[in-house]
Every structure is written in C-alpha cells, then in structure tokens.
Amino acid sequence: MLDTIYKNKTEGLLGIFNDDKTDDLMAANGTKLEFNGVNLPNDSLIFEIGMTWKTSPSDSLFIYNEITGESWDTYNNNIEIIKKANETCQGNDECIFDILSTGNEALGKATLDSIISANEQSSTMNNFPPNVTGPTTIFTKLEEPITIIYTATDKNNDTVIFSLETNSADINITDDGVLVWYPTSSTPVNATIVADDSKVATDMILTLVLCNCTNNGDCLYDSPISLGNETTNFKVAGCNCSPAWTGMYCEMDFLACAENINKCYVNNTCEDAKAPDEGYTCGPCPQHLTGDGETCTDINECVDNTSECQQECNHFLGGYNCSCYAGYDVDKKNHSMCVDIDECNNGDNMCANNTDCTNLPGNYSCGCKSGYDGDPYILCTGRAY
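Naming follows an unreviewed UniProt entry, where the chain appears as EGF-like domain-containing protein of Ranitomeya imitator. Its UniProt record gives the chain a comment under Subcellular location (unreviewed entry), which states: "Membrane".

Enquirer: Can you break down the overall build of the chain residue by residue, with the values?
Expert: Along its length, the chain carries six helices and 26 strands. For 385 residues, the compact-globule estimate of 2.2 N^0.38 gives 21 Å, and the chain exceeds it by more than 25% at 61 Å. Its C-alpha atoms give the chain principal-axis dimensions of roughly 210 × 45 × 35 Å. In the chain, which comprises 385 residues, the share counted as buried stands at 28%. With the model as given, the accessible surface of the chain reaches about 25,300 Å², and the carbon-plus-sulfur share is 51%. In the chain, 18 positive and 58 negative side-chain charges are present, and the distance between their average locations comes to 7 Å.

Enquirer: An account of unusual backbone geometry is requested, with residue identities and associated values reported.
Expert: The peptide bond linking Ala 275 to Pro 276 adopts the cis configuration, its omega dihedral lying at 15°. Tracing the chain through its elements places Pro 276 in the loop between β15 (271-272) and β16 (280-281).

Enquirer: Explain helix α3 (residues 79-89) residue by residue, including any values.
Expert: Buried within α3 are the following residues: Ala 85, Thr 88 and Cys 89. Buried residues of α3 fall within an arc of 80° about the axis and therefore sit on the same side. Summarising the geometry of α3, the exposed residues directed more than 90 degrees from the buried face are Ile 79, Glu 80 and Glu 87. One or two positions beyond α3, positive phi appears at Gln 90, with a value near 55°.

Enquirer: Pulling in residues and values, what's your account of the packing of aromatic side chains?
Expert: This structure, assessed with the given rule, holds one aromatic pair. Pairing Phe 139 with Tyr 221 gives two aromatic rings, centres 5.3 Å apart and planes at 65°, and the pair type is edge-to-face. Of this pair, Phe 139 sits in strand β2 (residues 137-141) while Tyr 221 sits in strand β11 (residues 218-226), and the two are 82 residues apart along the sequence. Looking at Phe 139, the relative accessible area reads 36%, which means it is partly exposed. Overall, the relative accessible area of 26% leaves Tyr 221 in the partly exposed class. Across the ring face of Phe 128, the terminal group of Lys 155 is positioned such that the distance to the ring centre comes to 4.9 Å.

Rules used in this analysis
Residues numbered from 1 in each chain as written. Predicted model: local features only at pLDDT ≥ 70, side-chain atom pairs only at ≥ 80, totals over all residues. Heavy atoms only, no water. UniProt positions renumbered as here; feature names shortened; annotations may be inferred. Helix = DSSP H or I, 4+ residues; strand = E, 2+ residues; numbered from the N terminus. Rg over C-alpha atoms; globule rule 2.2 N^0.38 Å. Buried < 20%, exposed > 50% of the residue type's maximum accessible area, 1.4 Å probe, protein only. Areas by Shrake-Rupley, 256 points an atom, 1.4 Å probe, with all protein chains shown as cover. Lys, Arg positive; Asp, Glu negative; His and termini not counted. Charge placed at Lys NZ, Arg CZ, Asp CG, Glu CD. Arc of directions from axis to C-beta. Phe/Tyr/Trp six-rings, centres within 6.5 Å; stacked < 30°, edge-to-face > 60°. Lys NZ or Arg CZ within 6 Å of the ring centre and 35° of its normal.

Given below as structure tokens:
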C-alpha cells in the first residue's frame, strides 16, 4: 500500500491513487476506459489501454547489458512471437505466458495440451450418463414388425445419440431412439441399445422374444423358451397348439391314435384325422361284439336267437358254440347241426340178452325176442310150453 503522500500523484498501468476505481483504466493520452468499479471491461480493451503506456528506446528507464547485445528491442520487438503464441495457444493465457516468458513454443503447447486434458477429465468426471427410458424386453411374431420409442434424459443437458449393437439387419434404431424390429427368420438376435452423450454412454441389453407359432397356435409370451445359447438374450415364445397340431411351433400333425390317447376297443383299428381336422375314428367292434368302436359290448346270440345252433346254444364272451341233446352228436361237417346217435349199432345201449335193439331219434328201445319174455333191460327168458 502506497503512502498517502502519493495520492493523486500516480498514473500509468497501476492507475491513479485516489481511492476511485473507476478512473484507473486510463490511456497515456488521458482517455478513460469506462469502468463501474465492479464489472471489468473486455480484456482486449484493457490490453489496448496498457499498450499506450509502452515505452520506447528513448524514454525507457531500464539499463540494458550491451556486452551481451541486450537492448530495448530484445524485450519489446516481440510482435511475431506474440502472433505465433496466439496461434499456438488458441487464446489460452497460461500457454501464451509460457511462450512469451521462455520463447519456447513447444513448452507453451505442452501447457495447453495439459490444460485441455485436465478440462476433458474434469468434464468427464462431472458428467452423468444418459438415463434411458423404454422396455428391456420386446415381443413380436415372425414377419410382424414392431416399433418401440426410447427416450433419454441427460442431467448435463448434453445431446444424446442412440445407436444399436446387433448381429442382425432385422433390428435397427434411429439417432433419436425409434427402434424397429422386423424378424424375417428364427435366427437368434443380439441387440444392445447405446445412448451416447459424447462423453459417456449408457448400454441397455435387450431381451428379444420371438413367436413363431404356426397353424393358429397361441403365443405364450409369459412362458418363453431359451434356445440354450448362453451368449444371447434371444428367446422363443411357447405355443398353445390347437388339438390338431403339436410340436414346438405347432408344425406337426397331432397323432391322436397314440396308445395312451385313443380309446378304441381294439387299438390297431384307430385312424388318425389328418390336420387340420381333429381327433380320430375307431374301426368296428370285433365279431360277436357290438358298439361304436370305443365302447363294445358282448352280443348274446343265444338269447337273441341269432345263433345257427340246431339244438342247444352255449354263450361265452365274444361268441358261442353249439351242443346237442342227449342221444345226438355234433355233426362233424357242420358244428351247428346235430346227428342222431345209433346206440343199437355202436353197442352203446342197455339192452339185455335175448333182446332186439330198436334205434329211435335221440334214443333207442329194447324188446325181448320172439319166444322170450321178461324185462328187456334186465333179462329175457324162453317161454315154457
């Protein structure tokens, strides 16, 4: 602080010592630079005021070392250096100062580079990544395009550009976040949305669920199936097939005649209805059974009088056989017919000695021979005369 005895006695670059800030910026010719004491004028204007006080070789107070060739020009004819410094330093004061102080342009450039790098690091450290809004899982069907709009907010008010990292041409996104997925095949697709504000980026990995259900199968998006590839978030929606179809994509005819499904009485009579028709039909019931092919019940030919038996009908499950009354045998040529047994001829009778055997339909009779009396089934004896 100057002694008060110097008040109103100073001028030049240090200003006028009079406790008034507003008149300190005065040129050598007495022209004042407008200043309200608070907000400084433009630096270039201040520089111009300062340059009016530049000395000349004739009025300089400094003593120069002439032995080394030092003169006023050594320190003041630096217009070209200043010009190069301004070109190199791009207006950076620290860079300009280092060049003018040392005469080393490379040193000033290094100073500028370090300042730029520090500013970039500071900007990056103080920058917040964009916040992306939109679904992370997208559902659609094969050959059915879907459009999703993503938005991004940035706390630093930086401009955010969207891009997409993907292995497929079926999905893309515009710079402003309009994503379109038009699946043309079932090939697995990887997709990651990148929202970049030029300093830091936000990645959003998408899960893509594709429905490829055919033949009017319903897509089960809440039951997606992974294809077993751990390197992708691509999934396939499950399918709820109609009764006529089966398979992962409802692409195969449902075989309704499988043994654990069809209810035909005789399994090998089942005939599958070809898709898109549903179900199956059963062949006729086996012989001697009646019904619709699924439910078959026994026919009692004996009760229904539909048998071919001549005499007796003997029913059993699935059929019948014929038998004959006593005194008859089943005809060997036609098992439905009966033939009389000739007991007299085959010796299968109870006639006693001295008798005559007479064959009858289904039976026989015995009689004592002429001249004999008695019980022909016990004993016939000669008559006494």
